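The residues making up each chain are set out below.
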Amino acid sequence: MKIKNICCIGAGYVGGPTMAVIAQKCPEINVTVVDINAERIAAWNDEDVENIPIYEPGLSDIVKEARGRNLFFSTDVDGAIDKAEMIFISVNTPTKTYGIGKGMAADLKFIELCARQIARVSKNDKIVVEKSTLPVRTAEALKNILDNTGNGVNYQILSNPEFLAEGTAVQDLQNPDRILIGGDIDTEEGLDAMQALVDVYAHWVPNENILTTNVWSSELSKLTANAFLAQRISSINAMSELCEKTGADVNEVAKAVGMDSRIGPKFLQSSVGFGGSCFQKDILNLVYISKSFGLNEVADYWEQVIIMNDHQKRRFASNMVKTLYNTVSGKKIAILGWAFKKDTNDTRESAAIYVSDYLLNEQAEIVIYDPKVTSEQIFSDLEYLGTHSSEEIRERVKVVNTAHDACKDAHAVTILTEWDEFKDLDWQAVYDDMLKPAFLFDGRRLLDRSTKEKIGFEFYAIGN
Ligand SMILES: NC(=O)c1ccc[n+]([C@@H]2O[C@H](COP(=O)([O-])OP(=O)(O)OC[C@H]3O[C@@H](n4cnc5c(N)ncnc54)[C@H](O)[C@@H]3O)[C@@H](O)[C@H]2O)c1
């Protein structure tokens, strides 16, 4: 089966970049990305591609190349479903905030709404692709809804989890380590559907990098990959605290450990803690699934990765307070970086949110600068926590347009996102404009200690 029209439901951090790259690499396939968020779609269609809603290096150029040719962004969800032979579901699957599984299970209401909409609209056979990260066996539920509420149309459900990392999404999509496609390997229709998706990726991905598995292995592999990645960060962060007590340096430890070819060098960068929309939610999801099968030891094992991460964020903030003579009340603290990592404007679960909240509890005055995050986003992140009133936040938090403006007259500066531009700041000028003693807390191990101490900073870095 040759795919001519693809629809992707969800124009977010996954749907947008993924479909842009598919459209770029498959010029004969029409790709329509739809979303119920009209503002987001309008931004994707903005004449100036620099205004697309998601910042990823290289993405705006691809949108410029393909948009209007074979890449379209629209709010007409029904129209795009009807036209497509293959429909990707790329909607959000956040942690549940209510009812059974609250705070752990994945909330699948958006997925279910998509399934019901596909069932209502479809008039001919469809391949439905799970691109969102889903609990194992969700494909079964999807199939059930589609088969029982549809118009007698045949559906094939594939699992095709996305492994891109924000900040390097375009590179990851263009040269993926692997593409994983799970499907019904026991029927000819299932194998045909899998082949149709293999053919899409085969436009640019070598065959040996395209894995096909049964659908449950594919769903579970995505959760497993995120759990393993997050576990590495929590492991090195656990060591960072021990390094601070013993005089070891976590960067030296990470290098020595990472040169062991059985371990490898990646994901051993100690920091104030991981953030992002996926690691925490996917591990909690894994914990919930394990618990629901009565596998309490498995659940506890993975939950510790989250416990360690929360501890690291709290430990960093409390160390700031302790170092600033046990009080930050009324003191001005400059926060450099709000995104959960560099080269993205995504702030979901960013460590900066939690460190700021801790400092607000201690009555600090906070001034924030991030090169890609808007002030509305920063205020909305803090308000979402619900720990401080909107008025209090707006009174005590300021967002400014340069790092220098943030640091002026500050008692302390902290780096919470590893943006390259913070490495090259004129740190002497920053120091000159700060109150003394001038404290500098590096939550990302971005800066060189000796040059900063030579300038006169009181310098603290994670794990050193
Ligand atoms: N962000 C990542 O780095 C990443 C990486 C791999 C996988 N994932 C997974 O991909 C999925 C999407 O993540 P994201 O970061 O792109 O989320 P996102 O919140 O950025 O985007 C989801 C979009 O879906 C839209 N949507 C929700 N319900 C809809 C509906 N019924 N019809 C049309 N549009 C609808 C929302 O308006 C939103 O724009 C999640 O399951 C996530 O776990 C994310």
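The rules behind these values
- Residues numbered from 1 in each chain as written.
- Predicted model: local features only at pLDDT ≥ 70, side-chain atom pairs only at ≥ 80, totals over all residues.
- Helix = DSSP H or I, 4+ residues; strand = E, 2+ residues; numbered from the N terminus.
- Buried ≥ 20, exposed ≤ 12 C-beta atoms within 10 Å, placed from the backbone.
- Arc of directions from axis to C-beta.
- Contact = placed C-beta atoms within 7 Å.
- Domains from an automatic or database assignment.
- Nonpolar A, V, L, I, M, F, W, Y, C, P; charged D, E, K, R; others polar.
- Pairing = 2+ DSSP bridges.
- Right-handed = clockwise from strand over helix to strand, strands pointing away.
- Near = placed C-beta within 6 Å.
- Axes fitted to C-alpha atoms, helices over the stretch in contact; angles between N-to-C directions.

Caption draft 1: Region of interest: unusual backbone geometry. The peptide bond linking K436 to P437 adopts the cis configuration, its omega dihedral lying at -5 degrees. Mapping P437 onto the fold places it in the loop between helix 18 (427–433) and strand 13 (439–442). Of note in this structure, R137 is not a glycine but carries a positive phi near 85 degrees. On the secondary structure map, R137 appears in the loop between strand 5 (126–130) and helix 6 (138–149). Phi is positive for E349, which is not a glycine, with a value near 60 degrees. Positionally, E349 belongs in the loop between strand 9 (332–336) and helix 13 (351–361).

Caption draft 2: The arrangement of helix 14 (residues 375–385) in detail. Along helix 14, the positions that sit buried rather than exposed are I378, D381 and L382. The arc that holds every buried residue of helix 14, seen down its axis, measures 90 degrees, which confines them to one face. Opposite the buried face of helix 14, by more than 90 degrees, sit the exposed residues E376 and Y384. Of the surrounding secondary structure, the elements contacted by the buried residues of helix 14 are helix 13, strand 10 (365–369), helix 15 (390–396) and strand 11 (397–399). Positive backbone phi, approximately 75 degrees, marks G386, located one or two places after helix 14.

Caption draft 3: Spatial organisation of the domain arrangement of the protein chain. By domain assignment, the protein chain separates into domain 1 (5–205) and domain 2 (307–461). The C-alpha-based centres of domain 1 and domain 2 are spaced at 36 Å. Counting residues at the interface gives 7 residues for domain 1 and 7 residues for domain 2. Classifying every residue of the side of domain 1 that touches domain 2 gives 4 nonpolar, 1 polar and 2 charged.

Caption draft 4: Layout of the pairing of strand 7 (residues 179–183). Burial of strand 7 is extensive: 5 of the 5 residues sit out of reach of the surface. Both faces of strand 7 are covered, namely the face carrying I179, I181 and G183 and the face carrying L180 and G182. Here 5 bridges tie strand 7 to strand 8 (residues 210–214), and the two strands are oriented parallel to one another. By the bridge assignment for strand 8, G183 is matched with N214. With helix 8 (residues 188–201) bridging strand 7 and its parallel neighbour strand 8, the resulting β-α-β unit is right-handed.

Caption draft 5: Structural detail: the site of the ligand. As a matter of local geometry, the ligand sits amid 27 residues, with G10, G12, V14, S132 and T133 nearest to it. No other element matches helix 5 (residues 109–121), which puts 3 residues into the shell around the ligand. A class-by-class count of the residues in the shell around the ligand yields 13 nonpolar, 10 polar and 4 charged.

Caption draft 6: Structural context of the sheet that holds strand 14 (residues 458–461). Taken together, 6 strands build an open sheet; the order of strands is 11-10-9-12-13-14 and the sheet is parallel. Since the sheet does not close on itself, it has two edges, and those belong to strand 11 and strand 14, each with one partner. For this sheet, the mean inter-axis angle between neighbouring strands, taken without regard to orientation, is 20 degrees. Here strand 12 (residues 412–415) pairs with strand 13 via 4 bridges, running parallel. Paired with A412 across the bridge in strand 13 is F439.

Caption draft 7: The environment of A339, seen in detail. As for its position among the elements, A339 is in the loop between strand 9 and helix 13. Along the backbone, A339 and I210 are 129 residues apart, and their C-alpha atoms lie at a distance of 32 Å. Discounting residues that sit within four places of it in the chain, A339 has contacts with T344, N345, D346, T347, S350, D370, K372, V373 and T417.

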